[in-house]
Amino acid sequence: MDYIFKPISFILIIALGYILKRCGVFGKDDHRLMSKIMINITLPCTIIQAFDGFERDGRMFTIVGLGFFCAFLPIFIMYLTTDGVEKKLRAYRMLNIGGYNIGCFSLPLVQAFFGNVGVVAACMFDTGNAVMMTGGAYAMTSTLLKTGGEKRESVGDILMKFIKSLPFDAYMTMIILAALDIKLPDAVFTLTRPAGQANAFIAMLMIGMMFEPAGDKALLRETARELAFRYIFATVSALAVYFLMPFELIVRQTLCVVCFAPLSSLAPIYTDRCHGNTELASFTNSMSIAVSLVIMLTLGLTFVSVSYTHLRAH
C-alpha cells in the first residue's frame, strides 16, 4: 500500500505548508528561501542519488529523447498559440503546461506496479524530461518572452541561464558519466543521500507555502483550461507510446502511466522568476497532483489486473 500512501502524503505536506503559512509560522515570501534550498542543494543531490546503481542500457536511451520531446512540445505549442496574451499570463501558461514530476512523485507508483524494469524506463524518461524542467523551460520562456526586459539576448546569455542552473548542471554531468560508463565512488552517494531524501518534503512544503485557494472564478477557469490541455496532450502521448513504440509491453505500460505524472514542483519557482502568476501556478500544481494521482493509480491497477488475468489464462 506504500504506492498509494506515499503520493497521498505529498498532498498532506502541501496542506501542512499552507496551514503553517495561514497560522503565521511562515511569512508571505518565505517560500523564496525554500526554493533556493531546493534548487541549489536538495534537488542536485536527488539527481545524483537517482544514478546510484544505474546500469547503462543502450536500447533504453531512446526513451531519453522521448522524455525531452514530451516536455518540450507542449511548451512550444503554448508559445505559438498565445500570441497576444498578456506576458504574465503567457509565462504561466508556458511554464505550467509541460514537464513531469517523476522523481519525487511517480517512482513509488511505478516501482509498485512494474518493478525494476519500470523504474529504469521511468528514470530514462525523466532524464530527457529533466533537461527542460531543471533549466530548459525557464531559459526558453524567459528568452522568448523577454521577461528580463526588451534587451536582445545573445547565445551566450541563453547558455548562461542553463549553466547557472545547478540541477541542470547535475543532470548533464550525471548523463555524461552514465554514457561513458563512469561510476562515482560510493562515498559521493553516501554524502548526498540525506539532502536528496529531503527534496520531496521541501518541494511539497514549498508548494503549500505558495498555495492560495482560487476563489476567483476566472482563476478556476484558467486552471481548468491549463490542465485540460495538459491531460489531452498526456492522453495523445500515452496512446502513441503504447501503440507505436517498439518496447516490450511492461515498458510501454510504464511510459503510459508516466505520461500522466503531475507538473514539476519547479514550475511555480520558474513562474515566479519569469514574473508570472505564482499563486495560480502553485494552485495549478496542487490540482495536477490530485488529478494525476487518480489517473495513474487507475491506469496502473488496470495494467496489473490485465496482466494477471492474461497470466492466469495461460
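Okay, so let's go over this structure. (Residues numbered from 1 in each chain as written. Predicted model: local features only at pLDDT ≥ 70, side-chain atom pairs only at ≥ 80, totals over all residues. Heavy atoms only, no water.)

1. With respect to the overall build of the protein
A tally of regular secondary structure across the protein gives 12 helices and 0 strands. Across the protein, helices and strands are ordered from the amino to the carboxyl terminus as α-α-α-α-α-α-α-α-α-α-α-α. Taken across its 314 residues, the protein has 51% of its residues classed as buried. Summed over its atoms, the accessible surface of the protein is roughly 14,900 Å², and 67% of this surface lies on carbon and sulfur atoms. (Helix = DSSP H or I, 4+ residues; strand = E, 2+ residues; numbered from the N terminus. Buried < 20%, exposed > 50% of the residue type's maximum accessible area, 1.4 Å probe, protein only. Areas by Shrake-Rupley, 256 points an atom, 1.4 Å probe, with all protein chains shown as cover.)

2. Structural notes on the environment of Pro-194
With respect to the helices and strands, Pro-194 occurs in helix H8 (residues 186-210). Relative accessible area serves as the criterion here: at 54%, Pro-194 is assigned to the exposed category. Counting along the chain gives 149 residues from Pro-194 to Cys-45, while the straight-line C-alpha distance between them is 8.5 Å.

3. Concerning the packing of aromatic side chains
Applying the stated criterion to the full structure yields 8 aromatic pairs. Ring centres of Tyr-100 and Phe-125 lie 5.4 Å apart, and the angle between their planes is 65 degrees; on these two criteria the pair is classed as edge-to-face. Highlighted residues: Tyr-100 in the loop between helix H4 (87-95) and helix H5 (102-145) and Phe-125 in helix H5, separated in sequence by 25 residues. The exposure class assigned to Tyr-100 is buried, which follows from its relative accessible area of 5%. Take Phe-125: its relative accessible area is 0%, and that puts it in the buried class. Ring geometry for Phe-114 versus Phe-303: centroids 6.5 Å apart, planes at 55 degrees, classification tilted. Placement of Phe-114 in helix H5 and of Phe-303 in helix H12 (residues 278-313) is noted, with a sequence separation of 189 residues between them. (Phe/Tyr/Trp six-rings, centres within 6.5 Å; stacked < 30°, edge-to-face > 60°.)

4. Considerations on helix H10 (residues 249-258)
Across the 10 residues of H10, 8 count as buried, placing the element largely inside the fold. Here H10 has its buried residues at Val-251, Arg-252, Gln-253, Thr-254, Leu-255, Cys-256, Val-257 and Val-258.

5. Some words on the pattern of salt bridges
Inspection of every chain in the model, using the stated rule, returns 4 salt bridges. A salt bridge links Arg-32 to Asp-272; its shortest N-O distance comes to 2.4 Å. Remark: Asp-272 occurs in helix H11 (residues 267-273) and Arg-32 occurs in helix H2 (residues 31-50); sequence separation between them is 240 residues. By relative accessible area, which is 18% here, Asp-272 ends up buried. (Salt bridge = Lys/Arg side-chain N within 4 Å of Asp/Glu carboxyl O.)

6. Side note on the nonpolar core
The biggest cluster of nonpolar side chains holds 80 residues, and the ones touching the most others in it are Met-38, Ile-63, Ile-75, Phe-125, Met-204 and Leu-255. Broken down by element, this core gets its largest block of residues, 19 residues, from H5. Contacts of Met-204, omitting those with residues within four sequence positions, involve Phe-10, Ile-13, Ile-14, Asn-101, Ser-265 and Ile-289. (Core = buried A, V, L, I, M, F, W, Y, C linked by side-chain atoms within 4.5 Å. Contact = heavy atoms within 4.5 Å.)

7. Thoughts on the environment of Val-241
Structurally, the position occupied by Val-241 is in helix H9 (residues 217-244). Along the backbone, Val-241 and Cys-259 are 18 residues apart, and their C-alpha atoms lie at a distance of 9.1 Å. When residues no more than four places from it in sequence are discounted, the contact partners of Val-241 are Leu-66, Arg-252, Leu-255, Cys-256 and Cys-259.

8. Some remarks on the side chain of Thr-82
Along the chain, Thr-82 falls in the loop between helix H3 (62-81) and H4. Under the relative-accessibility criterion, Thr-82 is labelled buried at 0%.

9. Things to note about the state of the cysteines
Where two cysteines share a covalent bond between their sulfur atoms, that bond is called a disulfide. The tally for this structure, following the rule as stated, stands at 0 disulfides. The thiol sulfur of Cys-70 is not disulfide-bonded, and the nearest other cysteine sulfur, from Cys-259, lies at 5.0 Å. (Disulfide = S-S within 2.5 Å.)

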